Amino acid sequence: MSCPVCGGESLRAYRPFCSKRCADIDLGKWLNGAYSVPSQDPEDIENALEEAERAHLSEENKPKTCH
């Protein structure tokens, strides 16, 4: 079995991964939402739109800094 992250040979201790590093990379993808399943549920879509609007308004209200 090959590692799903890098394609290397998996090790029993980290199966299906080849190392702790690849296991951590995969965990990071889960935690960041890279592995998500799209939903067609109208309630989920409405919640996502509300969350995006809140994030957008939050960005607009941040103080501007000059560089």
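For the structure, see preceding data.
Here the structure is a predicted model, which means the values were calculated and not measured. Sequence order as written defines the numbering, with residues in each chain counted from 1. Where local features are concerned, this predicted model is filtered to residues with pLDDT of at least 70; where side-chain atom pairs are given and counted, the filter is 80 or more; whole-chain, interface and lining totals use all residues. Water and hydrogen atoms play no part in the side-chain values, which are based on all heavy atoms of the structure.

**Q** Is there a simple way to think about the overall build of the chain in this case?
**A** A count of helical and extended segments in the chain gives two helices and zero strands. Radius of gyration (C-alpha) of the chain: 19 Å, far over the 11 Å computed for a compact globule of 67 residues. Projected onto its principal axes, the C-alpha coordinates of the chain cover approximately 50 × 40 × 15 Å. The cut-offs for exposure are 20% and 50% of the maximum accessible area for each residue type, with area from a 1.4 Å probe on protein chains only; residues under the lower value are buried, those over the upper are exposed, and the others partly exposed. Out of the 67 residues belonging to the chain, those deemed buried represent 9%. Contacts were defined at the residue level, with two residues in contact if any of their heavy atoms lie within 4.5 Å. For the chain, the share of sequence-separated contacts (at least 6 apart) that also reach a separation of at least 24 residues comes to 0%. Taken as a whole, the chain presents about 6,000 Å² of accessible surface, with 56% of it coming from carbon and sulfur. Asp and Glu are treated as the negative residues and Lys and Arg as the positive ones, with His and the ends of the chain left uncounted. Charge placement uses NZ in Lys and CZ in Arg. For Asp and Glu, CG and CD serve respectively. Side-chain charges in the chain split into 8 positive and 12 negative, and the spacing between the mean points of these groups amounts to 15 Å. Labels follow the DSSP assignment, with helices taken as runs of H or I lasting at least four residues and strands as runs of E lasting at least two, numbered in each case from the N terminus. The atom set for the radius of gyration is the C-alpha atoms, and the globule formula is 2.2 Å times the number of residues raised to the power 0.38. Note on areas: these come from Shrake-Rupley sampling with a 1.4 Å probe, and a residue is covered only by the protein chains present in the view.

**Q** Got a minute to help me understand helix α1 (residues 20–31) in this structure?
**A** Since there are 3.6 residues in each turn of an α-helix, residues three or four apart along the chain are aligned in direction. Under the convention used throughout, the expected extent of a helix is 1.5 Å for every residue step, that is, one less than its residue count. An ideal rise of 1.5 Å per residue puts 16 Å on twelve residues; α1 measures up with 16 Å between its terminal C-alpha atoms. Where α1 ends, the next residue or the one after it, Gly33, has phi of about 85°, a positive value.

**Q** Any chance you could explain a nonpolar patch on the surface here in plain terms?
**A** There is a patch of nonpolar side chains on the surface, built from Leu27, Trp30, Leu31 and Tyr35 and spanning about 460 Å² of accessible area. For Trp30, the location among the structural elements is in helix α1. Residue class for Trp30 comes out exposed when judged on its relative accessible area of 52%. Patch members must show over 30% relative accessible area and no salt bridge, and they are joined within 9 Å when carrying like charges or within 5 Å when they are nonpolar side chains of Val, Leu, Ile, Met, Phe, Trp or Tyr. By definition, a salt bridge exists where a carboxyl oxygen of Asp or Glu is found within 4 Å of a side-chain nitrogen of Lys or Arg.

**Q** Sorry, what's going on with unusual backbone geometry here?
**A** Note: most residues except glycine have negative phi, and most peptide bonds are trans. Geometrically, the link from Arg15 to Pro16 is a cis peptide bond, its omega value of 10° lying close to zero. Mapped onto the elements of the fold, Pro16 is located in the segment before α1.

**Q** Could you clarify how one ought to interpret the state of the cysteines in this entry?
**A** Note on terminology: disulfide describes a covalent bond linking the sulfur atoms of two cysteines. In what follows, a disulfide is any cysteine sulfur pair within 2.5 Å. One pass over the structure, following the stated rule, counts zero disulfides. With no disulfide of its own, Cys6 lies 3.5 Å from the sulfur of Cys18, the closest cysteine sulfur. Taking relative accessible area as the criterion, Cys18 reaches 17% and is therefore assigned buried.

**Q** Sorry if this is basic, but what is going on with the packing of aromatic side chains here?
**A** Note on aromatic pairs: each is described by the distance of the centres and the angle between the planes. Classification of ring pairs rests on two measures: the distance between centres of Phe, Tyr or Trp rings, Trp counted by its six-membered ring, which must be within 6.5 Å, and the angle between planes, read as stacked under 30 degrees, edge-to-face over 60 and tilted in between. Enumeration over the complete set of coordinates arrives at one aromatic pair. Judged by centre distance (4.9 Å) and plane angle (65°), the rings of Trp30 and Tyr35 are edge-to-face. Overall, the relative accessible area of 33% leaves Tyr35 in the partly exposed class.

**Q** Even after reading the chapter, I still don't get the side chain of Asp26, so can you show me in this structure?
**A** Its place among the elements puts Asp26 in helix α1. Look at Asp26: it is buried, it has no salt bridge, and the nearest opposite charge is Lys29 at 5.9 Å. Here Asp26 is in contact with Val5, Phe17 and Tyr35, once residues within four sequence places are set aside.

**Q** In this structure, what is going on with a negative patch on the surface? I would like to understand it.
**A** A surface patch of negative charge is lined by Asp41, Glu43, Asp44, Glu46, Glu50 and Glu53. Residue placement: Glu46 occurs in helix α2 (residues 42–60).

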